[in-house]
Amino acid sequence: MIASILAVPPLLLWLAALAVALALACGGQAYLVRRGRAAPDLAGTPSPMIGMAGTLYAVLLGFMTVVSWQHFYDSREIVTQEAAADADAWHAALALPPDRRSRVRRDVARYATVMIDREWSAMRTGAFDNQADVIVMDAIDAATSFNPANAAQSNAQSATLRELSTLHDLRQRRLSYNAAGLPWFDWLVLIAGAACIVVMSWVFGVPDPRVHMLMTAIVAVLVASTLTLLFELQFPFRGGLGISAQDWAGVVDHIRFMQQNSSPNMRM
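Given the structure is predicted, the values throughout are model-derived calculations rather than measurements. (Residues numbered from 1 in each chain as written. Predicted model: local features only at pLDDT ≥ 70, side-chain atom pairs only at ≥ 80, totals over all residues. Heavy atoms only, no water.)

Further remarks concern the overall build of the protein chain. Scanning the protein chain from N- to C-terminus turns up nine helices and two strands. Its helices and strands taken in sequence order, the protein chain reads α-α-β-α-α-α-α-α-β-α-α from the N to the C terminus. Looking at the protein chain residue by residue over its 268 residues, the buried ones come to 41%. The contacts in the protein chain between residues at least 6 apart in sequence include a share of 82% that link residues at least 24 apart. As presented, the protein chain carries roughly 13,900 Å² of accessible surface, and 67% of it is formed by carbon and sulfur atoms. (Helix = DSSP H or I, 4+ residues; strand = E, 2+ residues; numbered from the N terminus. Buried < 20%, exposed > 50% of the residue type's maximum accessible area, 1.4 Å probe, protein only. Contact = heavy atoms within 4.5 Å. Areas by Shrake-Rupley, 256 points an atom, 1.4 Å probe, with all protein chains shown as cover.)

Quick look at the structure:
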C-alpha cells in the first residue's frame, strides 16, 4: 500500500490529500451546523482551548517535520560522499600494479553504472541490488591480495582500501536510511492529533458561518499539506521527491573523461 501511494506524483498526492481533508473537515462542520451542534464562540474569537491544543499539535508536527527533513538531507549527503568515495578509489589505485589497478578501476566504474541502471530503481520499492556488494568485494580483493613491492604501492593499497571501505559503509547507511520511515504509531498520533484539531475547529467558531467554514478549511489545508510532506520525506529514495542518481552520473562522466586523457595512468 505504501509503495502504491509513493508511486503517485507528489503534486497529485498533495491535491488528493487536500481534497479528502477539505471534504471531511468542511463536510463535518456543515453537518454539525445543520444539526445545530456547532456553537460560535461568545467572544467572537476562537476559544483559548483550541489555541492551546493547536499549539501543542504544531510543536509535535514541527518536530516531526524537522526530523524527517534532516533524515532526507542526511541521505542526500550520504549519496554525495558515496559517489565521491567511488571516484576517489579510482584515483587512489594509480600506483597499484597494472593488473590490480585495472581490476579496481573496472569495479568502481561498474559500481557507478549499477547504481544508475539497477540499484536506484530497486530502492524505489525499498530493495537493493546484490551485484553492488559483489563488485565492492571484488575491488577489495584486488587491492588486498598482493604484497606491495615498494612504498608507492603500499600507500596506494592503503588509500584504495580506505576509499573502498568508506564506499561500502556509506552504501549500508544509505540502504538503512531508505528503509527507516516513520513508525506506524507516529502516524497514528499525528492523524489523531489532526482529527482533534479539526473537530475543535467545528465546535469553537465565529458568528459568521462563512468565516467559520474558511477557518476550518485553512486548518485542514495546513495539516494535510504538512502530513503529505512528511509522507514524501520519510523514504528519501522512494517517492516523487526521492533523491536522484545525478551524483553517480557525474562519477561516470568523470571516469570517461579520465579514460580520454592522454596520460596512460588515467586509463584502466
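What follows picks up the thread again.
Scanning all chains against the criterion turns up nine salt bridges. The salt bridge partner of aspartate 138 is arginine 103, with a shortest N-O separation of 3.0 Å. Of this pair, aspartate 138 sits in helix 5 (residues 131-144) while arginine 103 is found in helix 4 (residues 98-123), placing the two residues 35 residues apart along the sequence. Using a relative accessible area of 28% as the deciding quantity, one classes aspartate 138 as partly exposed. With relative accessibility at 22%, the residue arginine 103 sits in the partly exposed group. Here arginine 174 makes a salt bridge to glutamate 119, at a shortest N to O gap of 2.9 Å. Taken together, the positions of arginine 174 in helix 6 (residues 151-179) and glutamate 119 in helix 4 put the pair 55 residues apart, joining distant regions of the chain. Both residues of the pair, arginine 174 and glutamate 119, count as buried. Here the residues in one salt-bridge network are Glu82, Glu119, Asp133, Arg171 and Arg174, joined through shared partners. (Salt bridge = Lys/Arg side-chain N within 4 Å of Asp/Glu carboxyl O.)

As a further point, take the packing of aromatic side chains. Counted by the stated rule, this structure contains five aromatic pairs. Between tryptophan 184 and phenylalanine 185 the ring centres are 5.8 Å apart and the planes differ by 90°, which places this aromatic pair in the edge-to-face class. You can call tryptophan 184 exposed: its relative accessible area is 64%. A cation over a ring is seen here: arginine 105 above tryptophan 90, with NZ or CZ 4.5 Å from the ring centre. One residue, arginine 238, lies across the ring of phenylalanine 235, its end atom 4.0 Å from the ring centre. (Phe/Tyr/Trp six-rings, centres within 6.5 Å; stacked < 30°, edge-to-face > 60°. Lys NZ or Arg CZ within 6 Å of the ring centre and 35° of its normal.)

With 20 residues, helix 7 (residues 184-203) ought to run about 28 Å at 1.5 Å a step, and its terminal C-alpha atoms sit 29 Å apart, in line with that. Buried within helix 7 we find Trp187, Leu190, Gly193, Ala194, Ile197, Val198, Met200, Ser201 and Trp202. (Expected span 1.5 Å × (residues − 1).)

With that settled, the discussion passes to the nonpolar core. The nonpolar side chains of a soluble globular protein tend to be buried with one another. Counting residues in each nonpolar core, the largest one holds 38 residues, and the members touching the most others are Val104, Tyr111, Met115, Trp120, Leu164, Leu167 and Trp248. Those elements giving two or more residues to this core turn out to be helix 3 (48-92), helix 4, helix 5, helix 6 and helix 9 (246-259). In terms of residues, this core owes the most to one element, helix 4, which gives nine residues. Setting aside its immediate chain neighbours within four residues, methionine 115 contacts Glu82, Trp120, Ala132, Arg171, Arg174 and Trp248. If you look at the next biggest cluster of nonpolar residues, it comprises 17 residues, including Ala53, Met64, Leu182 and Leu190. (Core = buried A, V, L, I, M, F, W, Y, C linked by side-chain atoms within 4.5 Å.)

On to the side chain of aspartate 129, then. Among the structural elements, aspartate 129 can be located in the loop between helix 4 and helix 5. Residue aspartate 129 is classed as buried on the basis of its relative accessible area, which comes to 9%.

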